[in-house]
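These are the residues of each chain, in order.
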Amino acid sequence: MPYLRPSHRAGRHAATLLAAALLGAPLAPAWAADDWTFRAGGLVAVSPRFPGSDSAKVTLLPNIQARYKDFLVINPIDGIGLVYAVDDKLQLSASLGFDLTTRKAEDDSRLNGLADIKGTGAVRMGAKYRTGPVFAEARLTTRLGSEKKRGSLVNLEGGYSLFVTRDAGVDLGLALRWMDSSYSRNFFGISPAQSAASGLRVFNANSGLQSAGVFVGGYRRLSTDWTGFARLSLNKLQGDAANSPITRSTTQTSLVVGASYVF
């Protein structure tokens, strides 16, 4: 989806905001109300109960976003983030928010004896590149918190926009996901103690490619202020993620459908 290029003062505005937040200083009057845009709505996400699950869960989430000009974005999941357009093709971003990936014993009887993994804070850094209908995106997500919650994922996507207009657009693409050793150990590994408690064999999961897949996504302007959107992803687990005794299915499907109102 096209985006507006920020002014040359965007970097200075971002630095001012961060400094004010850290020092508790009031924001300057330059942060005028008419520079903000807001979105409000909701979405439904259907996804595996945990990485490697063969059953799905349905999650209802608010789709709320506040945006200041073209570089500051705030929403419930990504948290607070900064966006910078290097030029009309390349966009960089960074945010501090949440990662909602979890795994609980109640999700599957075979998980009894394994430690529950809760959602946690996360730092995200990304880059998007678009030239004409061709686009690519790289995103690093690092989970924060205790050792059993930690881990990093690198998501790489590339695709082609069948069409993009002000009122509608459809994208097709390929996706790869790489996991580090902490993420693979927490979500796919089984220690000797966990093996004794669960009955599953010991499994040493290492860093590497987690999944490869395809996706289709799109948006449609429903009225002057309302926009609907959807994305369907089909991924195949790879390597240690596919071979782990925790994994019930190597085919992982997710669907997100939602709508938002701009004001």
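Residues numbered from 1 in each chain as written. Predicted model: local features only at pLDDT ≥ 70, side-chain atom pairs only at ≥ 80, totals over all residues. Heavy atoms only, no water.

## Focus: the nonpolar core
By size, the foremost hydrophobic cluster in this structure holds 16 residues, and its most contacted members are Leu114, Met179, Tyr183, Phe188, Ile190 and Ile246. With 3 residues, the single largest contributor to this core is helix α2 (residues 181–188). The contact partners of Ile190, leaving out residues within four places of it in the chain, are Leu114, Ser195, Leu200, Arg201, Val202, Phe203, Pro245 and Ile246. (Core = buried A, V, L, I, M, F, W, Y, C linked by side-chain atoms within 4.5 Å. Buried < 20%, exposed > 50% of the residue type's maximum accessible area, 1.4 Å probe, protein only. Helix = DSSP H or I, 4+ residues; strand = E, 2+ residues; numbered from the N terminus. Contact = heavy atoms within 4.5 Å.)

## Thoughts on the pairing of strand β8 (residues 134–143)
For a regular strand, side-chain orientation follows a simple rule: the groups alternate between the two sheet faces. Both strand β7 (residues 120–131) and β8 contribute to a ladder of 10 bridges, which runs antiparallel. Within β8, the residue paired with Gly126 across the bridge is Arg139. What sits between β7 and β8 in their antiparallel hairpin is a turn of 2 residues, with Gly132 showing a positive phi close to 65 degrees. Judged from the 10 bridges that link them, β8 and strand β9 (residues 151–164) form a sheet pairing that is antiparallel. The residue bridging Val134 from the neighbouring strand is Tyr160, located in β9. (Pairing = 2+ DSSP bridges.)

## Notes on the pattern of salt bridges
Note that side chains of opposite charge can pair when their charged atoms are close. Using the criterion set out here, one finds 10 salt bridges in the structure. Note that Asp108 and Arg248 form a salt bridge whose closest N and O atoms lie 2.9 Å from each other. One end of the pair, Asp108, is in the loop between β6 (90–99) and β7; the other, Arg248, is in the loop between α4 (239–243) and β13 (251–262), with 140 residues separating them in the sequence. Taking the shortest distance from any N to any O, the salt bridge between Glu137 and Arg139 comes out at 3.3 Å. Three or more residues joined by partner-sharing salt bridges are found here, namely Asp78, Asp99, Arg124 and Arg143. (Salt bridge = Lys/Arg side-chain N within 4 Å of Asp/Glu carboxyl O.)

This is a description of form; function is not addressed.
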